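Here is how the chains run, residue by residue.
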Amino acid sequence: MTAPDSLPTDADALRALLLAERARHGEERERWMAIIAELQRHRFGRRSERLDPEQLALALEDVEQMLAAADAAAEKDDTPPVKPAAARKRQINRGALPLHLPREEIVIDVADKTCACCGGLKHCIGEDVAERLDVIPAQFKVIVTHRPKYACAACAGEVVQAPAPERLMENGIPTEALVAHVLVAKYADHAPLYRQAQIYARQGITLDRSTLADWVGRAAFTLRPVHARLLQRLKQSTKLFADETTAPVLDPGRGRVKKGQLWAYARDERPWAGHAPPGVAYVYAPDRKHARPARHLEGFRGTLQVDGYGAYKDLAEAGDVVLAFCWSHVRRQFYDIQAKTPAPIAAEALVRIAPLYAIEADIRGLSADERRQARQRRSKPLVDALRLWLEAQLAAVSGKSTIAAAIRYALSRWDGLARFLDDGRIDIDSNVVERSIRPIALGRKNHLFAGSDGGGEHWAVIASLIETCKMNSIDPQTYLRDVLAKIVARHPMDRIDELLPFAYVPAADKAAA
């Protein structure tokens, strides 16, 4: 930046200086956009190999804000801006506002429609129409229910009154819609209950955190049968993903936080054009004992795609489950080495694994048999060559080295890693379930701890339904509102499948049908 006291006083010199400054900003903008494009192109690899999605979003927001501010400054200046060769096109949402939103029509008309030439009345020959998105802040309302009583004027004791409707909580003030709003804010938007209480207070509604916690606990209890049925339906599949992550739980007796465990079991047949809808069920456990997955997956028969955790191996040894391992975890071993100290063997391993992912991108969405045929033709020669190469490298390096450990990690799981070649239903990695785990990890970052093991179980119940809704492009708040209302109205439990997220049909869609 040029110091103010050193600026030239000549108008032409000032203009030249301004143009030069804008050219410099144009180059800076291109550099930022190149960084953004590179980050967006980076598709494969584990999360720690790239910026955390939330951190990346914040960084992109800041960059876009700076670019928008520069654009606004240029628009205020009469001097034409200097555009770089590949100038960024300003992103504006024009004509894309959803049709279902209510419209408020505003007409800005001329005051005088009289023709200045002849004095006649001008007639309308057209109009310009522009739409802008507006917002009405969240509004609370009170539903007042009246139940009149009727009595016979001639007969004593003949009094009738309509029965009171069932409620989620007797004598409670919230509707099912409000409870659903609280659940989604906490478990999907990661807003702790005390922050929600603060938001409500700004609108003059006094709801303390303990009251909201009571609502959440009662809702979680009410939804437990739906969660149990969701897990049961997933276990009827022949192919599942499994993963686990820590769930911080307060341990008041010891004055600290202990590590609970949330296990995730997911189904997603979309990559091979399967017909079963996607879904995920979390199960909370106070520990990470090997017996947990066997207990959770009791009755499951099929292929389980997992990382290298030993508990899954114990499960497979029982004979009902076949393990498929994750190539992303294999790649991770070599990436960690390459990131710390560049090593030719690690770099070569990454280069050899990359084409496998390129093939998977090409065949995503094909039928299971088409995927199997393509893998046999294109991927199998690469996998076979990679195994021979790894065995040769293992013989040439020190057995105590980190590169040897990475190679042994892959070779010791080779049968499970190669299983995707013979079965088109199996994915190359377990990223599906890792993506399902991500909201839990985000909750940890926001210090959303469970207050007890019971709170961890509530988290598993509600998060399962919310994440399954999201996987099926269903609004979780509308779903929870309607499902809670149906359960409160004593929906028949022999028709519980109708309450599952992937069976849910919004009321508006039912009316249209």
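What this report covers is the structure whose coordinates are included nearby. Just so you know, these numbers come straight off a predicted model, no measurement behind them. (Residues numbered from 1 in each chain as written. Predicted model: local features only at pLDDT ≥ 70, side-chain atom pairs only at ≥ 80, totals over all residues. Heavy atoms only, no water.)

### Some remarks on unusual backbone geometry
When glycine is set aside, most residues are seen to have a negative phi, and most peptide bonds are trans. Rules: Under the scheme used here, helices are H or I runs from DSSP no shorter than 4 residues and strands are E runs no shorter than 2 residues, and both carry numbers assigned from the N terminus. Think of it in three bands: residues with accessible area under 20% of the maximum for their type are buried, residues over 50% are exposed, and the middle band is partly exposed, with areas taken using a 1.4 Å probe on protein chains only.
Here H190, not a glycine, exhibits a phi torsion of approximately 60°, which is positive. Among the secondary structure elements, H190 is positioned in the loop between helix 3 (176-187) and helix 4 (193-201). H190 sits in the buried class, given a relative accessible area of 7%. Located in the positive-phi region is A273, a residue other than glycine, with phi close to 60°. Residue classification places A273 among the partly exposed residues on the basis of a relative accessible area of 40%.

### Regarding the packing of helix 5 (residues 209-235) against helix 14 (residues 453-471)
Here is the rule: Simply put, an axis is a line fit to the C-alpha atoms, just over the touching stretch for a helix, and the angle between two N-to-C directions goes from 0 to 180 degrees. Take the far helix as your reference; a near helix turned counterclockwise from it by less than a right angle gives a left-handed crossing, and one turned clockwise gives a right-handed crossing. In what follows, residue pairs with any heavy atoms lying within 4.5 Å of each other are defined as contacts. Each residue gets one of three labels, nonpolar for Ala, Val, Leu, Ile, Met, Phe, Trp, Tyr, Cys and Pro, charged for Asp, Glu, Lys and Arg, and polar for the others, Gly among them.
One can describe the packing of helix 5 onto helix 14 by two numbers: an axis separation of 8 Å at closest approach and a directional angle of 65°. Crossing of helix 5 over helix 14 shows left-handed handedness. Residues V216, G217, A220, L223, R224, V226, H227 and L230 of helix 5 pack against H458, A460, V461, I462, S464, L465 and T468 of helix 14. Its residues assigned to classes, the contact of helix 5 with helix 14 shows 9 nonpolar, 5 polar and 1 charged.

### Observations concerning helix 7 (residues 310-317)
How we decide: For this quantity, the arc is that covered by the directions from the helix axis to the C-beta atoms.
Here helix 7 has its buried residues at A311, Y312 and L315. The arc that holds every buried residue of helix 7, seen down its axis, measures 100°, which confines them to one face. Of the exposed residues in helix 7, the ones pointing more than 90 degrees away from its buried face are K313 and E317. Just downstream of helix 7, G319 is the residue with a positive phi angle, here 100°.

### Notes on the packing of aromatic side chains
Heads up, the condition is: For Phe, Tyr and Trp, where Trp contributes only its six-membered ring, two rings pair if their centres lie within 6.5 Å, and the inter-plane angle classes them as stacked under 30 degrees, edge-to-face over 60, or tilted in between.
This model, assessed by the stated rule, comprises 8 aromatic pairs. Seen in terms of ring centroids, W327 and F420 are 6.5 Å apart; in terms of plane orientation they differ by 75°. Their pairing is edge-to-face. Pair noted here: W327 is in helix 8 (residues 327-340) and F420 is in the loop between helix 12 (414-418) and helix 13 (431-445), with a separation of 93 residues, a long-range link. You can call W327 buried: its relative accessible area is 1%. Under the relative-accessibility criterion, F420 is labelled buried at 2%. Three or more aromatic residues link up through ring pairs in this structure, and these residues are W263, Y309 and Y312.

### A look at the environment of K313
By secondary structure assignment, the location of K313 is in helix 7. For K313 and H290, which are 23 residues apart along the polypeptide, the C-alpha to C-alpha distance reads 9.1 Å.

### Digging into the nonpolar core
Rule in force here: By convention a nonpolar core is built from buried Ala, Val, Leu, Ile, Met, Phe, Trp, Tyr and Cys residues, the set being connected through side-chain atoms within 4.5 Å.
Grouped together as the largest cluster of nonpolar side chains are 106 residues, with contacts concentrated most on L183, L304, W327, F334 and W414. Those residues within four positions of L304 in sequence are excluded, and the remaining contacts are L240, F241, A242, L297, Y312, L315, V321, V322, L323 and A324.

### Thoughts on the packing of helix 3 against helix 4
Spelled out, the test is: An angle below 35 degrees is read as roughly parallel, one above 145 as roughly antiparallel, one from 65 to 115 as roughly perpendicular, and any other as oblique.
Close contact between helix 3 and helix 4 brings their axes to 10 Å; oriented N to C, the two are set at 125°. In terms of axis orientation, helix 3 runs oblique to helix 4. Helix 4 is crossed by helix 3, and the crossing has right-handed handedness. Counted together, L178, H181, V182, A185 and K186 of helix 3 and L193, Q196 and Y200 of helix 4 form the full contact between these two elements. Of the residues contributing to the contact of helix 3 with helix 4, the split by class is 5 nonpolar, 2 polar and 1 charged.

### What to know about the pairing of strand 6 (residues 302-306)
This is how it is decided: Handedness is read with the strands pointing away from the viewer; a crossover is right-handed when the path from the first strand over the helix to the second is clockwise.
Across the 5 residues that make up strand 6, a large majority, 5, are buried. In terms of handedness, the path from strand 6 via helix 7 over to strand 7 (residues 321-325) forms a crossover that is right-handed.

### Remarks on the pattern of salt bridges
Oppositely charged side chains may form a pair once their charged atoms are brought near each other. To be explicit about the condition: Definition used for salt bridges: Asp or Glu carboxyl oxygen within 4 Å of a side-chain nitrogen of Lys or Arg.
Throughout the structure, instances matching the rule amount to 22 salt bridges. Between D268 and R270 there is a salt bridge; the shortest N-O distance is 2.8 Å. One salt-bridge network, held together by shared partners, links R229, R233 and D497.

That's the geometry; what it means functionally is another story.
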